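# Remarks on the overall topology
Each chain, letter by letter, is given below.
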Amino acid sequence: MIGQRQDDAIRLFDSTGALRGTLGRRGEGPGEFRQILSGGLNRDTVWVYDGSLYRLTFFSIATGKYLRSVRVDPGAGFPPTVRGSSGRIRWCSGATAPPEGSS
């Protein structure tokens, strides 16, 4: 998963490096981004944090379809956290991520 700031889209690649698909685009509507700051994977879902629109956007990995967006309180701090179904918190910012379960 790589965020492209040039066009505010997310590229998904498989284990061989082949492009599997593109999620989102520049804009302010559902599934669109103005400023991708972080993102991550949670089982079958890709989540992306837009720091300009203050929202988390979720996509299905299997279909690439937009699932939903959630507004984030700008005063809540950065990066936002996403609690997985296991109850563990996962997050990613830039090219590095802490071990699963880190907060």
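Let us now look at the sheet that holds strand β8 (residues 55-60). The strand order across the open sheet built from four strands is β6-β7-β8-β9, with neighbouring strands paired in antiparallel fashion. Edge strands, defined here as strands with exactly one partner in the open sheet, are β6 (36-42) and β9 (66-71). Direction aside, the axes of adjacent strands within the sheet are offset by 20° on average. Taken together, the six bridges between strand β7 (residues 45-50) and β8 define a ladder with antiparallel strand orientation. Its bridge partner lying in β8, Thr45 is registered against Ser60.

What follows concerns the confidence of the model for the protein chain. On average, residues of the protein chain carry a pLDDT of 75, and 69% of them reach 70 or more. No element of the protein chain has a lower mean pLDDT than strand β11 (residues 89-90), which averages 44, and none a higher one than strand β5 (residues 32-33), which averages 94. Counted against residues more than four places away or in other chains, residues 87-103, with its pLDDT under 50, gives 32 contacts.

What follows concerns the pairing of β9. As a general feature of sheets, a regular strand has side chains that alternate between the two faces. Relative to β9, β8 runs antiparallel, the two sharing five bridges. Residue pairing in the sheet places Arg55 in a bridge with Arg71 of β9. Here β8 folds back onto β9, and the loop between the two strands holds five residues, one of which, Gly64, carries a positive phi near 75°.

Counted under the stated rule, the structure contains three salt bridges. Measuring nitrogen to oxygen at the nearest pair gives 2.9 Å for the salt bridge that ties Asp8 to Arg26. Placement of the pair is Asp8 in the loop between β1 (2-4) and β2 (9-13) and Arg26 in strand β4 (residues 25-26), with a sequence separation of 18 residues. One salt bridge in this structure joins Arg34 and Glu28, with 2.9 Å as the shortest N-O distance. For Glu28, a relative accessible area of 53% puts it in the exposed group.

Criteria and thresholds
- Residues numbered from 1 in each chain as written.
- Predicted model: local features only at pLDDT ≥ 70, side-chain atom pairs only at ≥ 80, totals over all residues.
- Heavy atoms only, no water.
- Pairing = 2+ DSSP bridges.
- Helix = DSSP H or I, 4+ residues; strand = E, 2+ residues; numbered from the N terminus.
- Axes fitted to C-alpha atoms, helices over the stretch in contact; angles between N-to-C directions.
- pLDDT = per-residue confidence, 0-100.
- Contact = heavy atoms within 4.5 Å.
- Salt bridge = Lys/Arg side-chain N within 4 Å of Asp/Glu carboxyl O.
- Buried < 20%, exposed > 50% of the residue type's maximum accessible area, 1.4 Å probe, protein only.

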